[in-house]
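Below are the chains, spelled out letter by letter.
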Amino acid sequence: MTNWLREMTKWGYGLFFRLSGDVLRNLGRFEEAIASYDNAIQFKPDYHPALINKGNVLVKLGRNTEAIESYDLALDSIDPQWWEDWNKNQGLANIAEDSKAAVTMSDNGISRLHPQTPKVQESGSESDSKKSERLQDYIMQRLGLFSDLSQAKKSYEEALDFLTFENFPEQHLLVFQELLKVYSRDDAEEFDRKLTQGTQQLEELLSKQESEIEKIRLSSKFAAFNQMRVDILAQSDTIANYIKALEKAEVRKNTCLGWLREGSDYQPHNFNFQQTQKLLNPKTAAIYWHLSPLAITTFIIKHKEPLKVLLPQLPRELQQKNADAHFVQIQRFVTWVQQWKNSYQHYCQGDNTDKETTPWRLNMKTMLQNLRDILEIEQIEHSLQDVDNLILIPHRELHLLPLDDLFATPFIITYVPSFQIGLELLELASSSQNLDSIKLLNVEIPSNNLPFASVQSAVLHYLYPKYGKLVKSPTTKIDLLKALQDCEGYFQFTGHGYHKPEKPRESALVLEKPDELTLGDIFECEKLDLRKYQLICLSACETGITSQETSKERIVDEYVGLVSGFLAKKANYVVSTLWRVDDRSTTILIIKLYQLLKQKETPVAALKQAKNWLSQLTYKDLAKWYKDLAEELNEPQWSNYLRTEAEIIQKHPEKMNSDQCPYAHPYYYAGFIITGKPA
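Keep in mind it's a predicted model, so treat the numbers as computed, not measured.

A. Region of the structure containing the side chain of serine 292. Looking at the secondary structure, you find serine 292 in the loop between strand S1 (284-291) and strand S2 (296-301). Separated by 2.9 Å, the side chain of serine 292 and the backbone nitrogen of leucine 294 make a polar contact. Not counting the four nearest positions on each side in its chain, serine 292 is found in contact with Gln227, Met228, Asp231, Ile330 and Arg396.

B. Region of the structure containing the pairing of strand S12 (residues 533-539). The element S12 is largely enclosed, with a buried count of 7 among its 7 residues. As judged from the 6 bridges shared by strand S8 (residues 489-494) and S12, these two strands associate in the parallel manner. Each residue of the ladder has a partner; that of phenylalanine 491, found in S12, is isoleucine 536. The pairing of S12 with strand S13 (residues 573-577) spans 2 bridges and is classified as parallel. Of the residues in S13, the one forming a bridge with isoleucine 536 is valine 574.

C. Region of interest: the packing of aromatic side chains. All told, the structure shown has 23 aromatic pairs when counted by the stated rule. Here the aromatic rings of tryptophan 638 and tyrosine 641 are separated by 5.9 Å at their centres, their planes lie at 70°, and the arrangement is edge-to-face. Here tryptophan 638 pairs with tyrosine 641, and both are found in helix H27 (residues 636-650), just 3 residues apart, close to one helical turn. Of the residues examined, tryptophan 638 reaches a relative accessible area of 15% and is grouped as buried.

D. Structural view of helix H24 (residues 583-598). In this model H24 runs 22 Å from its N-terminal to its C-terminal C-alpha over 16 residues, within 8% of the 22 Å that 1.5 Å per residue would give. Most of H24 sits out of view: 14 of its 16 residues are buried. Here H24 starts with a cap whose side-chain oxygen sits 3.3 Å from the backbone nitrogen of arginine 584, and that cap is aspartate 582. Of the residues trailing H24, lysine 600 is marked for its positive phi of about 75°.

E. Highlighting the nonpolar core. Ranked by internal contacts, the top residues of the largest apolar core, which has 114 residues, are Trp289, Phe333, Trp579 and Tyr594. The greatest single-element share of this core, amounting to 9 residues, is contributed by helix H15 (residues 325-349). Discounting chain neighbours no more than four positions away, the residues touching phenylalanine 333 are Leu291, Ile296, Leu371, Ile374, Glu397, Leu398 and Leu401. The next biggest cluster of nonpolar side chains, apart from the first, holds 34 residues, and it includes Leu480, Phe523, Leu530 and Tyr533.

F. The arrangement of the sheet that holds strand S11 (residues 516-518) in detail. Here 3 strands make up an open sheet; going across it, the order is S9-S10-S11 and the pairing antiparallel. Two strands in the sheet have a free side with no partner beyond their single neighbour: strand S9 (497-498) and S11. Note: S9 against strand S10 (residues 508-510), 2 bridges, orientation antiparallel. Paired with glycine 497 across the two strands is leucine 509, which belongs to S10.

G. Examining the packing of H15 against helix H17 (residues 364-374) more closely. Where H15 contacts H17, the axes come no closer than 10 Å and their chain directions differ by 160°. Overall, the two elements H15 and H17 adopt an arrangement that is roughly antiparallel. The handedness of the crossing between H15 and H17 is left-handed. When H15 is examined against H17, the residues Gln329, Arg332, Phe333, Trp336, Gln339 and Trp340 are found in contact with a partner set consisting of Met364, Met367, Leu368, Asn370, Leu371, Asp373 and Ile374. Taken together, the residues of the contact of H15 with H17 break down into 8 nonpolar, 3 polar and 2 charged.

H. Representation of the pattern of salt bridges within the structure. Counted by the stated rule, this structure contains 27 salt bridges. When the shortest N-O distance is used, the salt bridge between glutamate 524 and arginine 505 registers 2.5 Å. Within this pair, whereas glutamate 524 is found in helix H22 (residues 519-524), its partner arginine 505 is found in the loop between S9 and S10, the two being separated by 19 residues in sequence. Residue lysine 624 is joined to aspartate 628 by a salt bridge in which the shortest nitrogen-to-oxygen separation is 2.8 Å.

I. Here's a closer look at the pairing of strand S4 (residues 389-393). Taken across its 5 residues, S4 has 5 buried, putting it largely inside the fold. Here S4 shows two buried faces, one formed by Asn389, Ile391 and Ile393 and the other by Leu390 and Leu392. Looking at chain direction, S1 and S4 are connected through 5 bridges and run parallel. Counted as the bridge partner of tyrosine 288 is isoleucine 393 from S4.

J. Summary view of the environment of lysine 503. Mapped onto the secondary structure, lysine 503 falls in the loop between S9 and S10. A residue is classified by how much of its surface remains accessible, and lysine 503, at 47% relative accessible area, is partly exposed. For lysine 503 and leucine 260, which are 243 residues apart along the polypeptide, the C-alpha to C-alpha distance reads 9.9 Å.

K. Molecular detail of the side chain of threonine 618. Tracing the backbone through its elements, the reader meets threonine 618 in the loop between helix H25 (603-615) and helix H26 (619-632). Since its relative accessible area comes to 13%, threonine 618 is described here as buried. Side chain to side chain, threonine 618 and aspartate 621 meet in a polar contact 2.9 Å long. Among all residues touching threonine 618, those that are not within four sequence positions of it are Asp659, Gln660, Cys661 and Pro662.

L. Region of the structure containing the environment of glutamine 235. In this fold, glutamine 235 is placed in the loop between helix H13 (224-234) and helix H14 (239-262). Counting along the chain gives 62 residues from glutamine 235 to threonine 297, while the straight-line C-alpha distance between them is 8.8 Å. Sequence-distant contacts of glutamine 235, defined by excluding residues within four places in its chain, comprise Ala295 and His326.

M. Layout of the confidence of the model for the protein chain. Residues with a pLDDT of 70 or more make up 80% of the protein chain, whose mean pLDDT is 81. In this model, residues 138-147 is a region of pLDDT below 50 whose contacts with residues beyond four sequence positions or in other chains number 45 contacts. Contacts from residues 544-553, a stretch scored under 50 in pLDDT, to residues over four places away or in other chains number 24 contacts.

N. Geometry of the packing of helix H11 (residues 188-207) against H13. The geometry of H11 relative to H13 is characterised by a closest axis approach of 10 Å and an angle of 150° between their N-to-C directions. Comparing the axis directions of H11 and H13 gives the class roughly antiparallel. Pair H11 / H13 crosses with left-handed handedness. Side by side, H11 and H13 meet where Phe191, Asp192, Leu195, Thr196, Gly198, Thr199 and Leu202 of the first sit next to Phe225, Met228, Arg229 and Ile232 of the second. Split by residue class, the contact of H11 with H13 holds 6 nonpolar, 3 polar and 2 charged.

O. Broad picture of unusual backbone geometry. Even without glycine at this site, aspartate 237 takes up a positive phi of about 65°. By secondary structure assignment, the location of aspartate 237 is in the loop between H13 and H14. Its relative accessible area of 66% is what places aspartate 237 among the exposed residues. In this structure, lysine 570 is a non-glycine residue whose phi angle is positive, near 80°. Residue placement: lysine 570 occurs in the loop between helix H23 (562-568) and S13. Using a relative accessible area of 25% as the deciding quantity, one classes lysine 570 as partly exposed.

Conventions we followed
Residues numbered from 1 in each chain as written. Predicted model: local features only at pLDDT ≥ 70, side-chain atom pairs only at ≥ 80, totals over all residues. Heavy atoms only, no water. Helix = DSSP H or I, 4+ residues; strand = E, 2+ residues; numbered from the N terminus. Polar contact = N/O pair within 3.5 Å; in protein donor to acceptor, adjacent residues only side chain to side chain. Contact = heavy atoms within 4.5 Å. Buried < 20%, exposed > 50% of the residue type's maximum accessible area, 1.4 Å probe, protein only. Pairing = 2+ DSSP bridges. Phe/Tyr/Trp six-rings, centres within 6.5 Å; stacked < 30°, edge-to-face > 60°. Expected span 1.5 Å × (residues − 1). Core = buried A, V, L, I, M, F, W, Y, C linked by side-chain atoms within 4.5 Å. Axes fitted to C-alpha atoms, helices over the stretch in contact; angles between N-to-C directions. Parallel < 35°, antiparallel > 145°, perpendicular 65-115°, else oblique. Left-handed = near helix turned anticlockwise from the far one by under 90°. Nonpolar A, V, L, I, M, F, W, Y, C, P; charged D, E, K, R; others polar. Salt bridge = Lys/Arg side-chain N within 4 Å of Asp/Glu carboxyl O. pLDDT = per-residue confidence, 0-100.

And the structure:
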């Protein structure tokens, strides 16, 4: 009993100091956190949670060799029952400086986990499965960790000897994808052979699946095999292969979209490059991006001109190092995206009183300029000097970013999920063409975070007398689906939404709690035909950036969000937001958007003008706009409210006499994008 009490006391002290370390780490007090973790380890030298968390903090401090030592100690101390927890650790993936130490750690991990006898490999026990997953974590490192490509090949191939396709098919294919990255760097012939081998193994794995859902999951998980085939074609320096690359990428896009609508039985339509010309004219071009683990491929498609593939340029500091420009570009992008996501999540978790001072807001302009450089937008613009209208077709994470804001040239820009969807929308005959008597369906979900929504509703009621506001509020899914079927014209949704990249059919607009309108609901409502809607506007929704729970997930295949659901039901245009937007500035922008629509501007032109107007609006201009709008309204409550807003500004001479634009920061306007029928 004494020994038992002694052990429990050690465990209790260890837990206390580990939790204290976690708190200090979350506060950014890293040195104190390390000291607390050391105290925990002193009481329990094999306390692997403390060892793991200490390693993570050391990584943040750039002390990678010490971090590796801590991870190794944790690895030695973990019992099989704890493998799953250990698998969740992401620390090693952040070590990028000490290449030699990282390679050593990877090799040590393989030697620790490699089975000693054939029986172990064949046993298929839960313990071995956990070990295989841990091994997978070891070798799923960025290629930059290896200073010598031969070391990388050796490590991956040794791992494949253990993770055989017969016993561990998924882990085998994941490692195989990493091995392909190595061969792509120095052995094109072997890369092509290995890619064919991996593709055949994937097809074999898919053929063994009885569940259609499982087939889709695996096909998406290993989308890299298809993506790398696009790379080979796009980098072949012949226009014929460029066309094959684009056609292959397009078929994959439409397959992903079709799976969500119809399941794995969906068969994509044949796509021919010549069909793209139906969307283009001498003043309209398209930019089509494709992402893979090895490259960002940028296709430039112009009217009756040969297909062009952008050749990325190496940063100046790497031009003398014989680096692969395609691989450098995608690695820079991956790093950028993770930094953007992490910064945004910190912004979302912060106190509402200091949002403007968070790094995400403060650094947004610089971050977007860096993204412009990574995607080589300036080089793209040089190819578009005779173009006025631009169609953007993003891929994967690019769907989550304000790509239109990266262009210095004042193009009229429309987003389209794929060429096929653009063609379907172009051929669509709208049943709501009379702009003089157009109707508006307005759905406002009450929220303490959206106090200006009521002002917006009052103004929209004034602008559109044939106004449809649901009588029953807050709205339920049944109410909303019925209203969408019964109404036409414009649909304005003011509320919140979210996206689930791992389960996109569960992405939703938030309605009356606990009710939601999911992407699956939209797809499954057979009576829902939205071609009679000129515009669907989803304002104040976080329909792009992923939630905190999924922010660490990479999008490895095509992104499908709520916008795709509305377009699948034939809506002409959808305005959506990429991040949580400011209530006041959003109300101003949305009202201006509808004012411009009332003046018979197209939805694409109206959104562009509204964004430009908001970004250039001075305090003096804003006060006048408030007063003019108050005079037009026929509701005393909201007219007085707007006059009060104008008076508040007018009481500050320093604002009235300055050229300061309160909404000039891209946070206020760049997150609004429009997707739909090409201009």
